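Here's the letter readout for the chains.
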Amino acid sequence: MKVLVLGTGCAKCKKLFAEAEKAVAASGVPAELEKVEKMDEIIAYGVMMTPALVVDGEVKCSGRIPKLAEIASWLTTAAAKNG
Amino acid sequence: MSATRRPRRTWLVVLLVALGACAWWLIYDHLESFAKWLTYGLLGMAAGNRLAKTVAFFVFEAPKVMMLLTVIVFGVGIVRSFFTPERTRRILAGKRETLGNVLASLLGVVTPFCSCSAVPLFIGFVTTGVPLGVTFSFLIAAPMINEVALVLLFGLFGWKVAALYAGTGLVIAMVAGWVIGRLRLERWVEGWVYETASGVGLAGDEAPLSWNDRVRFGGDAVKDIVGKVWPYVLAGIAVGATIHGYVPQDFMASIMGKGAWWSVPLAVVIGIPMYSNAAGIIPVVQALLGKGAALGTVLAFMMSVIGLSLPEMIILRKVLKVPLIATFAGVVGLGILVVGYVFNIVL
């Protein structure tokens, strides 16, 4: 499964990336974490506030840094859906 | 999402918020007598002494401003949890220009905004039918009328100055956006912007928030904003307190007073490159005002510090060509100049 952190490199974006990293490790879901810094790619997801988190092509949140448990629950739900 | 996951008792949150509000008011109400007791009683300083004036000012103003900041940022955080950029865009898309400018300026105040998101927001707006001038009204109002500035103005100058600032700031955002719209400057937006397929409707389908979430949203805003600005605020108040105690009366009258016509443009030019320290500058400026600076000059300075920020213009260069950025800075700067002169003449 692919997990993307969208953001142009501000402090909040880095923090979200670190949180997502922890959440991937904590949930034990096999996920590839990637940073998306190109503006046109960010726009393509319809995001107007960075940072944003995308799990399996779906924008989960934007403009805020969710709690670790929240990210982990998105990951496990997505993993269950994939079977 | 979290509303269904853990139905935590809303009454408990409400009770905690109410208790907090009571405690807040009790402390806030006694700050002045506490500051007097500490300076003249406990420290035994003589009234009228310069150091005593400085200490009394700091001991009263610093906790007062910090407390006001906490409660206002919390409140604004809760209000903002009702507005997302997606929602604001839906309201603004396809609106006639004049009405659009008014709405965009007002929404700019309540929609969460950070200048690091200026570019995706700009593209998200203009590619979905929000007119360019209306988008600018939003982009001008959002940083200019900011809760930290309002709290500091309210705490140090009183509600009239805070209201004047908010009111004139809104008018500048409306008029400047309208003017930019009239000038038809779409050709100075970078070409790739209008070709970008903005994925509308992909984001923003988050579940509705519960009241617990909104309180948490407010709390996060406090941690985030107050956590960032408090050193500047305290440093600013410390410098302000020193000026308050030591700089002679009417010292500033010749430099920032009403008589000096060049003081307003100078204040605007000096204000543009200053940005992150805005919170620290207001207390200094307040102290200067007591020494004979003119209010219009001070307001113009404040607006240019917050409303015209160099970092934001550099960020916007990605989507706007230089002439459009210059026009934007010029129109807003002109508006600020008018505000400065008008208040110097009227007040």
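Scroll up a little and you will see the structure.
Nothing here was measured: the structure is a model prediction, and the numbers come from that model.

Q: Honestly, the pairing of strand E4 (residues 58–62) of chain A in this entry has me stumped. Any pointers?
A: One face of the sheet, then the other: side chains in a regular strand alternate in exactly this way. All names here are of chain A. For E4, the tally of buried residues reaches four of five residues, placing the bulk of the element in the interior. The pairing of strand E3 (residues 52–55) with E4 spans four bridges and is antiparallel. Considered in E4, the bridge of Ala52 is made with Ser62. Hairpin geometry of E3 and E4 is characterised by an intervening segment of two residues between the two adjacent antiparallel strands and by a positive phi of about 50° at Asp56.

Q: Just to check I follow, could you spell out the interface of chain B and chain A for this structure?
A: Where interface size is quoted, it is often the accessible area lost as the parts come together. With 27 residues of chain B at the interface, the matching set in chain A holds 20 residues. Taken together, both faces of the contact between chain B and chain A bury some 2000 Å²; the carbon and sulfur share is 60%. Counting across the chain B and chain A interface gives two salt bridges. A salt bridge links Lys12(A) to Asp224(B); its shortest N-O distance comes to 3.6 Å. Our count for the chain B to chain A interface comes out at one residue pair in polar contact (both at pLDDT 80 or more). The set of elements that each furnish at least two residues to the side of chain B that touches chain A consists of helix H5 (85–92), helix H7 (118–126) and helix H12 (211–246) of chain B. Per element, the largest residue contribution to the side of chain B that touches chain A is six residues, and it comes from H7(B). Residues of the side of chain B that touches chain A, tallied by class, amount to 13 nonpolar, five polar and nine charged.

Q: Sorry if this is basic, but what is going on with the sheet that holds E3(A) here?
A: The strands making up a sheet associate through backbone hydrogen bonding, with each pair oriented either parallel or antiparallel. Residues and elements named next belong to chain A. With mixed pairing, the four strands of this open sheet are ordered in space as E2-E1-E3-E4. Single-partner strands in this sheet number two, and they are strand E2 (32–36) and E4. Averaged over all pairs of adjacent strands, the angle between their axes in this sheet comes to 20°, without regard to strand direction. Bridge count for strand E1 (residues 2–6) against E3 is four bridges, and the pairing is antiparallel. By the bridge assignment for E3, Val3 is matched with Val55. Along the sheet face, helix H1 (residues 11–27) touches E1, E2 and E3 and points at about 175° away from the line of E2.

Q: Can you help me understand a nonpolar patch on the surface in this one?
A: All names here are of chain B. A surface patch of nonpolar side chains, about 1000 Å² in accessible area, is lined by Trp261, Trp262, Leu266, Ile270, Val338, Tyr341, Val342, Ile345, Val346 and Leu347. Elements supplying a minimum of two residues to the nonpolar patch: helix H14 (263–271) and helix H18 (322–346). No other element matches the five residues that H18 contributes to the nonpolar patch. Structurally, the position occupied by Trp261 is in the loop between helix H13 (253–256) and H14. A relative accessible area of 61% places Trp261 in the exposed class.

Q: Please explain the side chain of Thr54(B) as it appears in this structure.
A: Residue and element names in this part refer to chain B. Counting through the fold element by element, Thr54 comes out in helix H4 (residues 50–80). Reaching out from Thr54, the side chain makes a polar contact with the backbone oxygen of Arg50 at a distance of 3.1 Å. A polar atom in the side chain of Thr54 sits 3.4 Å from the backbone oxygen of Ala241. Apart from the residues within four sequence positions on either side, Thr54 is in contact with Ala241, Thr242, Gly245 and Tyr246.

Q: Help me understand H14(B), please; the structure alone is not making it clear to me.
A: Structurally, the α-helix is built with 3.6 residues per turn, so residues lying three or four positions apart point the same way. Along H14(B), the positions that sit buried rather than exposed are Ser263(B), Val264(B), Ala267(B), Val268(B) and Gly271(B). The buried residues of H14(B) all sit within an arc of 135° when viewed along its axis, so they share a single face.

Q: What exactly am I supposed to notice about the pattern of salt bridges here?
A: Any two side chains of opposite charge can pair, given that their charged atoms come close. If you walk through the whole model with that rule in mind, you get 12 salt bridges over all chains. Here Glu58(A) ties to Lys60(A) by a salt bridge, and the two come within 3.3 Å at their closest N and O atoms. Classification of Glu58(A) by relative accessible area gives partly exposed; the value is 37%. When the shortest N-O distance is used, the salt bridge between Arg216(B) and Glu70(A) registers 3.8 Å. You can see Arg216(B) sitting in helix H12 and its partner Glu70(A) sitting in helix H3 (residues 68–82), one on each of two chains. Take Arg216(B): its relative accessible area is 26%, and that puts it in the partly exposed class. Salt bridges sharing partners connect three or more residues here, namely Arg64(A), Glu70(A) and Arg216(B).

Q: So what exactly am I meant to see when it comes to the nonpolar core here?
A: Inside soluble globular proteins, nonpolar side chains tend to come together where they are buried. If you look at the biggest cluster of nonpolar residues, it comprises 101 residues, and the most contacted ones within it are Phe122(B), Val233(B) and Leu320(B). Here Leu320(B) is in contact with Phe122(B), Phe136(B), Trp188(B), Val189(B), Glu190(B) and Ile325(B), once residues within four sequence places are set aside. Core analysis: the second largest hydrophobic core is formed by 15 residues, Val3(A), Val5(A), Ala20(A) and Val55(A) among them.

Q: Please explain unusual backbone geometry as it appears in this structure.
A: Trans is the prevailing form of peptide bonds, just as negative phi is the prevailing case for residues other than glycine. With omega at -5°, the peptide bond leading from Thr50(A) into Pro51(A) counts as cis. The residue Pro51(A) is located in the loop between helix H2 (39–44) and E3 in this model. Although it is not a glycine, Asp56(A) adopts a positive phi angle of roughly 50°. Looking at the secondary structure, you find Asp56(A) in the loop between E3 and E4. Overall, the relative accessible area of 36% leaves Asp56(A) in the partly exposed class. Despite not being glycine, Arg184(B) shows a phi value in the positive range, around 50°.

The rules behind these values
Each chain has its residues counted from 1, running along the sequence as written. Naming scheme: in the order in which they are written, chains are lettered from A and ligands are numbered from 1. Where totals are concerned, whole chains, interfaces and linings use all residues; where local detail is concerned, this predicted model gives features only for residues with pLDDT of at least 70, and gives and counts side-chain atom pairs only at 80 or more. Hydrogens are left out, water is left out, and the side-chain values use all remaining heavy atoms of the structure. Accessible area is worked out with a 1.4 Å probe on protein chains only. A residue is then buried under 20% of its type maximum, exposed over 50%, and partly exposed in between. Where helices and strands are cited, they refer to DSSP runs of H or I of at least four residues and of E of at least two residues respectively, numbered from the N terminus. Pairing between two strands requires that DSSP report at least two bridges joining them. Residue contacts follow a heavy-atom distance rule, with two residues in contact if any of their heavy atoms lie within 4.5 Å. Note on definitions: buried area is the accessible-area loss of two parts on being combined, 1.4 Å probe, summed for both. Should a side-chain nitrogen of Lys or Arg be within 4 Å of a carboxyl oxygen of Asp or Glu, the pair is scored as a salt bridge. Polar contacts, as used here, are pairs of N or O atoms within 3.5 Å; protein pairs need one atom able to donate a hydrogen and one able to accept it. Residues neighboring in sequence count only if both atoms are side-chain atoms. Polar here means any residue other than Ala, Val, Leu, Ile, Met, Phe, Trp, Tyr, Cys and Pro, which are nonpolar, and Asp, Glu, Lys and Arg, which are charged; Gly is therefore polar. Helix axes are fitted to C-alpha atoms over the stretch in contact, other axes to C-alpha atoms as well, and angles between N-to-C directions run from 0 to 180 degrees. Note that patches include only residues with greater than 30% relative accessible area and no salt bridge, and the join distances are 9 Å for like charges and 5 Å for nonpolar side chains (Val, Leu, Ile, Met, Phe, Trp, Tyr). Surface accessibility in these figures is a Shrake-Rupley result with a 1.4 Å probe; residues are shielded only by whichever protein chains are displayed. Starting at the helix axis, one direction is taken to each C-beta atom, and the arc is that of these directions. Residue types Ala, Val, Leu, Ile, Met, Phe, Trp, Tyr and Cys, when buried and joined through side-chain atoms within 4.5 Å, form a set referred to as a nonpolar core.

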